[in-house]
Amino acid sequence: MAAEANASRAARLWQEAVRTLRVDGPLPVRLIADAAALLTLLSLVLGLWDSGVAVALYSLVLMGQTVVRLTPLRASVQAGTAVILLAAAWAALLDAYQLIPWLDLVMHVVATGLLAAIGTAALLRSGWLQTGPSAGRAGQTLLTAGLGALLAVLWEVGEWFGHTLLDPAIQVGYEDTVGDLAAGVLGALLAGLLLDRLVKDGPWP
């Protein structure tokens with residue numbers, strides 16, 4: 001009897017987890033998001049035979065994709081963000097940024113902008129900030145740009161940490177850091193301007 005109750009409880013928890021993490025949108029969009037998650041899991045498993053850097057990076061990507069599914073973004077934006085995060089990790093581990101120098105800046109613009117939009121939407125929907133729709137586009141743009149700047153700084157600190165303690169092959173340097181920071185802030189600023197188009201039903205509750 002206890003085993004049946006536990007099985008029923010586990011089934012309910014599984015159904016709730018699936019419902020919570022599901023991307024609600026057209027079938028192609030859902031398939032893209034689920035494929036990105038599956039490929040991230042596969043990459044994480046394969047990373048166990050590669051390096052600690054690969055495991056750490058794919059773990060971050062998987063966490064990011066989970067957060068993306070919990071935020072009130074449009075389904076197409078959720079799927080696109082999942083793909084971008086995975087692509088950025090693959091590019092880093094395959095040394096694509098060394099082969100295509102401008103790709104690094106593009107990834108920083110897009111990824112930081114999308115993550116800043118996620119943070120802004122979460123803050124506004126949660127009511128943590130004592131603001132409202134009257135703050136207007138300027139307020140949400142400044143908030144998104146500020147979050148993006150913070151994320152860009154944290155990412156560069158993470159790169160320095162990885163370079164210093166994990167793998168010297170992780171590229172750091174003055175020009176690289178400044179360029180990445182500028183690209184991240186630009187991406188966040190653009191995301192703030194486009195926030196109403198990125199967030200489902202608008203950023204406000």
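Structure: above.
Everything numeric in this text was worked out from a predicted model, so none of it was measured.

Cut-offs applied
- Residues numbered from 1 in each chain as written.
- Predicted model: local features only at pLDDT ≥ 70, side-chain atom pairs only at ≥ 80, totals over all residues.
- Heavy atoms only, no water.
- Axes fitted to C-alpha atoms, helices over the stretch in contact; angles between N-to-C directions.
- Helix = DSSP H or I, 4+ residues; strand = E, 2+ residues; numbered from the N terminus.
- Parallel < 35°, antiparallel > 145°, perpendicular 65-115°, else oblique.
- Contact = heavy atoms within 4.5 Å.
- Nonpolar A, V, L, I, M, F, W, Y, C, P; charged D, E, K, R; others polar.
- Expected span 1.5 Å × (residues − 1).
- Buried < 20%, exposed > 50% of the residue type's maximum accessible area, 1.4 Å probe, protein only.
- Patch = residues over 30% accessible without salt bridge, like charges linked within 9 Å, V, L, I, M, F, W, Y side chains within 5 Å.
- Areas by Shrake-Rupley, 256 points an atom, 1.4 Å probe, with all protein chains shown as cover.
- Salt bridge = Lys/Arg side-chain N within 4 Å of Asp/Glu carboxyl O.
- Core = buried A, V, L, I, M, F, W, Y, C linked by side-chain atoms within 4.5 Å.
- Left-handed = near helix turned anticlockwise from the far one by under 90°.

Trainee: Can you help me understand the packing of helix 3 (residues 52-70) against helix 4 (residues 75-93) in this one?
Mentor: The axes of two packed helices give the description: the angle between them and the distance between them. Where helix 3 meets helix 4, the closest approach of the two axes is 9 Å, and the angle between their N-to-C directions is 170°. Comparing their axes, helix 4 and helix 3 come out roughly antiparallel. Residue-level contacts link Val 53, Ala 54, Leu 57, Tyr 58, Val 61, Gly 64, Gln 65, Val 68 and Arg 69 of helix 3 to Gln 78, Thr 81, Ala 82, Leu 85, Leu 86, Ala 89, Trp 90, Ala 92 and Leu 93 of helix 4. Of the residues assigned to the contact of helix 3 with helix 4, the class counts are 13 nonpolar, four polar and one charged.

Trainee: Mind showing me how you'd approach helix 8 (residues 174-193) here?
Mentor: For an α-helix, 3.6 residues make a turn, and residues three or four places apart therefore share a direction. Given a rise of 1.5 Å per residue, 20 residues ought to cover 28 Å, and the 29 Å separating the end C-alpha atoms of helix 8 matches this to within 8%. When we look at burial in helix 8, the residues that qualify are Asp 180, Ala 183, Gly 184, Gly 187, Ala 188, Ala 191 and Gly 192.

Trainee: Quick question: what am I supposed to make of a nonpolar patch on the surface here?
Mentor: A contiguous nonpolar patch, built from Leu 39, Leu 42, Leu 46, Trp 90 and Leu 94 and spanning about 500 Å² of accessible area, is present on the exposed surface. Here the nonpolar patch gets three residues from one element, more than from any other, and that element is helix 2 (residues 27-47).

Trainee: Whenever I open this one, the pattern of salt bridges confuses me. Can you help?
Mentor: Working definition: two side chains of opposite charge can pair if their charged atoms are close together. Within the structure shown, the criterion is met by two salt bridges. Residues Arg 22 and Asp 24 are paired through a salt bridge, measuring 2.9 Å at the closest nitrogen-oxygen approach. The partner of Asp 34 in a salt bridge is Arg 69, and the shortest N-O contact between them spans 2.9 Å. Here Asp 34 is found in helix 2, whereas its partner Arg 69 is found in helix 3, with 35 residues between them in sequence.

Trainee: So what exactly am I meant to see when it comes to the nonpolar core here?
Mentor: Across soluble globular proteins, nonpolar side chains have a tendency to be buried as a group. Within the largest apolar cluster, 12 residues are counted, these being Val 68, Leu 73, Val 77, Leu 114, Ala 117, Ile 118, Ala 121, Leu 124, Ala 191, Leu 195, Leu 198 and Val 199. The element contributing the most residues to this core is helix 6 (residues 101-126), with five residues. In terms of nonpolar packing, the next biggest core, distinct from the first, is built from eight residues, Ala 54, Leu 57, Val 61 and Leu 86 among them.

Trainee: Help me understand unusual backbone geometry, please; the structure alone is not making it clear to me.
Mentor: Positive phi is not limited to glycine here, since Asp 95 has a value of about 60°. Mapped onto the fold, Asp 95 is located in the loop between helix 4 and helix 5 (96-99).

Trainee: Whenever I open this one, the side chain of Thr 141 confuses me. Can you help?
Mentor: Mapped onto the fold, Thr 141 is located in helix 7 (residues 136-166). For Thr 141, a relative accessible area of 7% gives the class buried. Those residues in contact with Thr 141 that lie beyond four places of it in its chain are Leu 189, Gly 192 and Leu 193.

Trainee: Explain the packing of helix 6 against helix 8 to me, please; I cannot follow it from the model alone.
Mentor: In contact at an axis separation of 7 Å, helix 6 and helix 8 are set at 45° when each is read in the N-to-C sense. The orientation of helix 6 with respect to helix 8, classified from their angle, is oblique. Helix 6 and helix 8 meet at a crossing whose hand is right-handed. Touching Asp 104, Leu 105, His 108, Val 109, Thr 112, Gly 113, Ala 116 and Ala 117 of helix 6 are Asp 176, Gly 179, Asp 180, Ala 183, Gly 184, Leu 186, Gly 187, Ala 188 and Ala 191, all from helix 8.

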